[in-house]
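# Chain and residue survey
These are the residues of each chain, in order.
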Amino acid sequence: TGAKPTEILALRGNDIIEEDGQVSVRFGGRHGRISDLSPDAWATVKRHKGGRRGDLPLFTKERLDETEAKPLTREGLWKVLKGYGELIERPDLSPRVLRETFIANVETNDPKELAKLLGSNEEYAYQILKRRRLTDQLPPRGVIFKATA
């Protein structure tokens, strides 16, 4: 989704929207941006969501009963990613690498659309697109993969 770590950690169960067979996640509360989820991403989120009440954190430190659920911290997210990085032989796996991978593979050249997808301003999106053109479509350092046409 290109989400920032703080956006992921702030997610609550009721930020997941299921409508007409489409699943989306709302980043930033009621008035935040909405990003569609792939079936694989939805399966992962569904496992974490479980039967938990919608007002509770989506990602918690432990699988505790609802009254004790504490949100995952930034450090906790890094530890989770480090564990996955070891599994896939990518010790550099981090929130930044995931975001850069998303940016390298997103299929838009429109700064407004990219800014909306990333939850950022148009100037930042313009700089990303400019860097992409200057590097002749090569992914930035640390990118997990770059899709080819």
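Residues numbered from 1 in each chain as written. Predicted model: local features only at pLDDT ≥ 70, side-chain atom pairs only at ≥ 80, totals over all residues. Heavy atoms only, no water.

## Details of the overall build of the protein chain
Scanning the protein chain from terminus to terminus reveals six helices and three strands. Reading the protein chain from its N terminus to its C terminus gives the helix and strand order α-β-β-β-α-α-α-α-α. Excluding contacts between residues fewer than 6 apart, the proportion of contacts in the protein chain whose partners are at least 24 apart in sequence is 44%. With the model as given, the accessible surface of the protein chain reaches about 9900 Å², and the carbon-plus-sulfur share is 53%. (Helix = DSSP H or I, 4+ residues; strand = E, 2+ residues; numbered from the N terminus. Contact = heavy atoms within 4.5 Å. Areas by Shrake-Rupley, 256 points an atom, 1.4 Å probe, with all protein chains shown as cover.)

## Brief notes about a nonpolar patch on the surface
On the surface, V80, Y84, L87 and I88 cluster together to form a nonpolar patch covering roughly 430 Å² of accessible area. Tracing the chain through its elements places Y84 in helix α3 (residues 74-87). (Patch = residues over 30% accessible without salt bridge, like charges linked within 9 Å, V, L, I, M, F, W, Y side chains within 5 Å. Salt bridge = Lys/Arg side-chain N within 4 Å of Asp/Glu carboxyl O.)

## Observations regarding the sheet that holds strand β2 (residues 22-27)
Pairing within the open sheet is antiparallel, and its three strands lie in the order β1-β2-β3. A single partner strand is all that each edge strand has here, and the edge strands are β1 (16-19) and β3 (33-36). Averaged over all pairs of adjacent strands, the angle between their axes in this sheet comes to 30°, without regard to strand direction. (Pairing = 2+ DSSP bridges. Axes fitted to C-alpha atoms, helices over the stretch in contact; angles between N-to-C directions.)

## Describing the pattern of salt bridges
Following the criterion strictly, the structure yields three salt bridges and no others. Residue R96 is joined to E100 by a salt bridge in which the shortest nitrogen-to-oxygen separation is 2.9 Å. Taken together, the positions of R96 and E100, both in helix α4 (residues 95-105) and four residues apart, correspond to about one turn of that helix. A salt bridge links R131 to E100; its shortest N-O distance comes to 3.1 Å. In this pair, R131 sits in helix α6 (residues 122-134) while E100 sits in helix α4, placing the two residues 31 residues apart along the sequence. What makes E100 buried here is its relative accessible area of 7%. What emerges from the salt-bridge pattern is a single network uniting R96, E100 and R131. (Buried < 20%, exposed > 50% of the residue type's maximum accessible area, 1.4 Å probe, protein only.)

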